[in-house]
Amino acid sequence: MKLNKIISKLFILLFVTFFINGSLNAQKAKTDSEKQALFIYNFFKFVKWSNFNELKKFNVGVLGDKNNLVYNELIKIAKTEKAKGLPLKITRLKNLNSLNNIQLLYFDKSAGLKFDKIYEAIGTNHILLVSKGYPYGKSMINFIMDEDKVQYELNESKCEIAGLKASKVLSLVAIKSEKEWNAILNKYENLANTENETVEISTKELSKIVKEQKRLLSEIGENAKKIEVQKNKLKQQQEELTVKENQLLNTERDIEIQQNLIINQLEKIETQKTNLVSLNDNVLITQQELSLQKRELEKEALNLIGIQKEYRKIESALKNKELLVGLQGETINAQGDEIITQTGTIKEQKSIIWLSILFLLIVSVLGILAYRSYHLKNKANILILKQKDEIEEQHQVLEEQHKEITDSINYAKRIQDAILPPLKLVREYMPDSFILYQPKDIIAGDFYWMENVNNLIIFAAADCTGHGVPGALVSVVCHNAMNRAVREFNLVKPNEILNKTREIVIETFEQSDEEVHDGMDIALCTINKETNKLNFSGANNGLYLIRNGVLTEVKPDKQPIGIYHLVKPFTNHELDLEKGDVLYTFSDGYADQFGGVKGKKFMYKPFRKLLLDIHQKPMEEQHKILVDAFENWRGDLEQVDDVCIIGVRI
């Protein structure tokens, strides 16, 4: 352990000596701007960013710097050098509104900045402030020029607040106070101008370093062999540690991927649960209505069956009585013939009279029965006709209600079409583009949106909760929130628009007595016509960019616009566009459509392949191919969700 401490201290001493001598020697032949640029480049080596693993490059922002002296030197360094294996990107900033992706901000007094405004603009971002000519103790690193020398002060506490850790090398080289600076500056000048002479340094800090160096050199001389052995062991342990760190890094990445997958699955399960509850409620209501209708129909059927049975009984009785009358008539005719042929005795005449009376009685009874049967049959027919009229009247009422509902929905569609940007305007802003918009019902929860602000084309494909009437109502709220974010709050960056839209949507739904969890997924893009730069931010919906036959997905934030258990600011993605690039934004309706031979979802992998196959074709032809592919896949199955796809060629 003691030997390790010795080695550690020696390395620090060597770094300090190298940094001091190297910087002083390098300053002799360089201009002030070159020296400052070189110092700034070295700061990346000796400062640790807490979010380093998330960085793909180091971004340097420059404010002030009249005549671009330091800016031009940094550009030269960035062309040939890297910092900790990451490329450098130097950006000239106009103000403090563009600090989201900056890791180091350099400014001088010509920028006219105040530190309270600077720290307010930084917020929680991990940004190293490097200034020139400001009062002692205000900045994180502050350059002070003295003739042809460059020195700096270091405020470690302000660095740590911003999530930055300065190495001991920077701390030892930096001045600690204005008085100390003057004393150390004189000694450094003597060291720089003396080749073989020994210069006595009177400061306490450098005196301690010299004494420590002598003691360490003595110990190292005595333990050279042990140090060599320890160095070999240390090298071996370092190699093993590097392997383990790589394994740990891979494991952490795998865990993060699994966690993201789990979060996605949980979100989908939650959405499916919500849809299932809503579906169950609708099914239950429908079942209750069908049950009531079934009971009414059963009652009517029983009544009709009873009437039919009674009618059949009467009809059967009448037929039997008609047969009986017919038989009796034949008998009477035979008896009449027999009476005519017989003698006209009084006894026979009486018999004929009695038979006639009996016949009349029988005919009267049969007539009464026939009349009663006719009356019952007529009554049954009247009841059936009345029930038929009632059914037709109910059917007519239902048709009128259906017509009123359909007319209302069609009117709502005209209103929804009115808030969508017309295709003429879309063609004016994006000449080489298409919009595939196919609602599941007459009105939709999906919508497309567009604004033109100072040569910035802002467009989006949005998917609100649900479809039909409920989805359309949510889309009106979200559409209005986006308009306010741009027109009222003057926001143009996609992530800022989404943050403000979420705030307005939640505020709108919180006015209800019930808790509303509706919202939307969206892919939002801003294209700068002058610089050909794309800014993108997404809520659950991403962006596809196809360049030279290669499809790149710009992933969204896994959170919706609305109430969510883990709310965080939306991320802004900035890309440089090239001529011929094709962009696609979309909702999930196309990929989630059931169809094909097995009735399964279309899915995103075939969707990406289809876009790759057709991306070089004219936009109108792409639109037709996508529609035909969707309809062929769907076949006779019902469309499950609204569909919205926007394609743009640069």
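Details of the structure are given in the entry above.
All of these numbers come straight from a predicted model, not from anything done at the bench. (Residues numbered from 1 in each chain as written. Predicted model: local features only at pLDDT ≥ 70, side-chain atom pairs only at ≥ 80, totals over all residues. Heavy atoms only, no water.)

Q: Just checking my understanding: could you explain the packing of aromatic side chains for this structure?
A: A ring pair, where both rings are aromatic, is described by two values, the distance of the centres and the angle of the planes. What the rule picks out here adds up to 23 aromatic pairs. Measuring from centroid to centroid gives 4.7 Å for tyrosine 544 and phenylalanine 586, while their planes differ by 50 degrees, and the two rings are tilted. Taken together, the residues tyrosine 544 in strand 15 (residues 543-547) and phenylalanine 586 in strand 18 (residues 582-586) connect sequence positions 42 residues apart. Of the two residues, tyrosine 544 and phenylalanine 586, neither departs from the other in class, the shared state being buried. When the ring of phenylalanine 586 is compared with that of tyrosine 604, the centres are 6.3 Å apart and the planes differ by 45 degrees; the resulting orientation is tilted. Within this pair, whereas phenylalanine 586 is found in strand 18, its partner tyrosine 604 is found in helix 14 (residues 604-614), the two being separated by 18 residues in sequence. On the basis of relative accessibility, which here comes to 4%, the residue phenylalanine 586 falls in the buried class. Look at tyrosine 604 and you get partly exposed, because its relative accessible area is 29%. By the ring-pair criterion, three or more aromatic residues cluster together here, those being Tyr544, Phe586, Tyr590, Phe602, Tyr604, Phe607, Phe630 and Trp633. Taking the ring centre of tyrosine 71 as reference, the NZ or CZ of arginine 92 above it sits at 5.6 Å. Sitting over the face of the ring of phenylalanine 489, lysine 500 holds its NZ or CZ atom 4.3 Å from the ring centroid. (Phe/Tyr/Trp six-rings, centres within 6.5 Å; stacked < 30°, edge-to-face > 60°. Helix = DSSP H or I, 4+ residues; strand = E, 2+ residues; numbered from the N terminus. Buried < 20%, exposed > 50% of the residue type's maximum accessible area, 1.4 Å probe, protein only. Lys NZ or Arg CZ within 6 Å of the ring centre and 35° of its normal.)

Q: Looking at this structure, how should I read the pattern of salt bridges?
A: A side chain with one charge may pair with a side chain of the opposite charge, provided their charged atoms come close. Evaluation of the coordinates by the stated rule reveals 21 salt bridges. The residue arginine 427 makes a salt bridge to glutamate 620 at a minimum N-O spacing of 2.4 Å. Note that arginine 427 is positioned in helix 11 (residues 423-429) and glutamate 620 in helix 15 (residues 619-634), a separation of 193 residues in sequence. In this structure arginine 427 comes out as partly exposed when scored by relative accessible area, which is 31%. Through salt bridges with shared partners, a single network forms among Lys440, Asp441 and Glu638. (Salt bridge = Lys/Arg side-chain N within 4 Å of Asp/Glu carboxyl O.)

Q: I would appreciate a short explanation of the sheet that holds strand 21 (residues 643-649) in the present structure.
A: Within a sheet, neighbouring strands are paired by backbone hydrogen bonds and run either parallel or antiparallel to one another. Pairing is antiparallel across the open sheet formed by five strands, whose spatial order is 10-21-18-15-16. Strands with a single pairing partner mark the edges of an open sheet, and in this sheet they are strand 10 (433-438) and strand 16 (550-554). In this sheet, adjacent strand axes meet at a mean angle of 15 degrees when their direction is disregarded. Against the sheet, helix 14 contacts strand 15, strand 16, strand 18 and strand 21, and its axis sits at roughly 35 degrees relative to strand 15. Contacts between helix 15 and the sheet are confined to strand 10, strand 18 and strand 21, with strand 10 contributing the most and set at about 25 degrees to the helix. (Pairing = 2+ DSSP bridges. Axes fitted to C-alpha atoms, helices over the stretch in contact; angles between N-to-C directions. Contact = heavy atoms within 4.5 Å.)

Q: I tried to follow the side chain of asparagine 541 on my own but got confused; where do I start?
A: Tracing the backbone shows asparagine 541 in the loop between strand 14 (533-539) and strand 15. Here asparagine 541 falls in the buried class, since its relative accessible area comes to 7%. Engagement of the side chain of asparagine 541 in a polar contact is seen with the backbone oxygen of phenylalanine 586, the distance being 3.5 Å. (Polar contact = N/O pair within 3.5 Å; in protein donor to acceptor, adjacent residues only side chain to side chain.)

Q: Whenever I open this one, the nonpolar core confuses me. Can you help?
A: Nonpolar side chains in soluble globular proteins generally cluster together in the buried interior. Core analysis: the largest hydrophobic core is formed by 54 residues, its most contacted members being Phe43, Leu105, Phe107, Leu128, Val130, Phe143 and Tyr152. It is helix 2 (residues 32-46) that provides the largest number of residues to this core, a total of seven residues. (Core = buried A, V, L, I, M, F, W, Y, C linked by side-chain atoms within 4.5 Å.)

Q: Quick question: what am I supposed to make of the sheet that holds strand 11 (residues 446-453) here?
A: Strand order across the open sheet formed by five strands is 11-12-13-14-17, with antiparallel pairing between neighbours. Pairing within the sheet leaves two strands with one partner each, and these edge strands are strand 11 and strand 17 (573-576). Within this sheet the neighbouring strands show an average axis-to-axis angle of 15 degrees, counted without direction. Bridge count for strand 11 against strand 12 (residues 456-464) is eight bridges, and the pairing is antiparallel. Opposite valine 453, over in strand 12, you have leucine 456 as the bridge partner. Running over the sheet, helix 13 (residues 494-509) touches strand 12, strand 13 (520-528) and strand 14 and is turned about 30 degrees from strand 14.

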